[in-house]
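Notes for the structure review
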Amino acid sequence: MAEPRNRYSTVSLVLHWLIAALVVTQILLIWGHEATEGATSREFVNIHKSVGLSILVLTLIRLGWRIANPAIPLPDTTPRWQKLTARGTHVLFYVFLIAMPLVGWAASSAAGRDILWFGLFEWPALPIGGGRETAGQLMDLHELAAKLLIALVVLHILGALKHHFIDRDNVLHRMIPLIPRRP
């Protein structure tokens, strides 16, 4: 099933926006964790872990879909450096959306903490030791990656808005079909 050339397929759109919504959910869950204590705080963390692993699975599905259905090229008028920046940004998204859940999973495993996926089943631990010290180092890496991911999201949004309001092309229409296509 090849991608249509004027917009992305429904599968691409659903995966893109679902993962984006889950990333925002992750930020809100961590804010909730930091604003509370005790059982409520731990519940925010447990949900955060489940959502993170869901992002990992969905990102792997999205990556497979993307390999089978390559991205629609940017307009010919887009300068080469912008095309390279866009490609680099998308590669980094995949790196972060795969690495961050893996690092979080590794931290939980190193600390000997169970992951109960949305209360339905126990997610298997990775064979990682090291205890709290290793888990702490992994969490430092996880938090740094979160900050970099937020910066990447801002860059991505600014790029999309630039295409829509400055370049006045149809790049944003491809991911948000409700935006009318320009002639």
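Just above, that's the structure.
Before going into details, it helps to say that this report is about the structure given with it. (Residues numbered from 1 in each chain as written. Predicted model: local features only at pLDDT ≥ 70, side-chain atom pairs only at ≥ 80, totals over all residues. Heavy atoms only, no water.)

Notes on the nonpolar core
Proteins that are soluble and globular tend to have nonpolar side chains buried together. I19, V23, I55, F96, L97 and L149 are the most contacted members of the largest nonpolar core, which has 15 residues in total. Residue assignment for this core shows that the elements contributing at least two residues are α1 (10–35), α2 (38–68), α3 (80–110) and α4 (131–167). Considering each element in turn, this core owes the most residues, five residues, to α1. Those residues in contact with I19, other than ones at most four positions away along the chain, are I55, L58, T59, R62 and L97. (Core = buried A, V, L, I, M, F, W, Y, C linked by side-chain atoms within 4.5 Å. Buried < 20%, exposed > 50% of the residue type's maximum accessible area, 1.4 Å probe, protein only. Helix = DSSP H or I, 4+ residues; strand = E, 2+ residues; numbered from the N terminus. Contact = heavy atoms within 4.5 Å.)

Focus: the side chain of S109
Mapped onto the fold, S109 is located in helix α3. For S109, a relative accessible area of 9% gives the class buried. For S109, the side chain forms a polar contact with the main-chain nitrogen of L126, separated by 2.8 Å. Here S109 is in contact with A125, L126 and I128, once residues within four sequence places are set aside. (Polar contact = N/O pair within 3.5 Å; in protein donor to acceptor, adjacent residues only side chain to side chain.)

As for the packing of aromatic side chains
Applying the stated rule across the entire model yields four aromatic pairs. Between W117 and F118, the aromatic rings sit 4.8 Å apart at their centres with planes inclined by 80°, giving edge-to-face as the arrangement. Taking the relative accessible area as the measure of exposure, F118 reaches 41% and is therefore partly exposed. Among the aromatic residues, those joined into a cluster by ring pairs are W105, W117, F118, F121 and W123. (Phe/Tyr/Trp six-rings, centres within 6.5 Å; stacked < 30°, edge-to-face > 60°.)

A closer look at the layout of surface pockets
Each pocket or cavity is described by its volume, and for the largest pocket that value is around 1400 Å³. As for the largest pocket, its lining consists of 48 residues, and the residues nearest its centre are A86, T89, H90, F93 and H156. Ranked by residue count, the leading element in the lining of the largest pocket is α4, at 13 residues. When its residues are assigned to classes, the lining of the largest pocket shows 31 nonpolar, 10 polar and seven charged. Volume-wise, the second largest pocket comes out at about 1100 Å³. Among the secondary structure elements, those contributing two or more residues to the lining of the second largest pocket are α1, α2, α3 and α4. Top element by residues in the lining of the second largest pocket is α4. It accounts for 10 residues. Its residues placed into classes, the lining of the second largest pocket shows 20 nonpolar, 10 polar and seven charged. (1 Å grid on protein atoms, 1.4 Å probe; cavity = no way out; pocket = protein on both sides within 12 Å on 5 of 7 lines; lining within 4 Å. Points joined across faces, edges and corners; volume = space filled by probe spheres on them. Nonpolar A, V, L, I, M, F, W, Y, C, P; charged D, E, K, R; others polar.)

Describing α3
For α3, spanning 31 residues, the distance from its first C-alpha to its last is 44 Å, which sits close to the expected 45 Å at 1.5 Å a residue. Just beyond α3, the residue with positive phi is G112, at close to 75°. (Expected span 1.5 Å × (residues − 1).)

Structural notes on unusual backbone geometry
Phi angles above zero are rare outside glycine, and F118 is one such case at about 45°. Along the chain, F118 turns up in the loop between β1 (115–117) and β2 (121–123). Even without glycine at this site, R168 takes up a positive phi of about 55°. Tracing the backbone shows R168 in the loop between α4 and α5 (171–175).

A look at the side chain of H142
Position of H142 relative to the elements: it lies in helix α4. A relative accessible area of 13% means that H142 is categorised as buried. Here the side chain of H142 touches M100 through a polar contact of 3.0 Å, landing on its backbone oxygen. If sequence neighbours within four positions are ignored, H142 has contacts with H48, M100, V103 and G104.

Any link to function would need more than the numbers given here.
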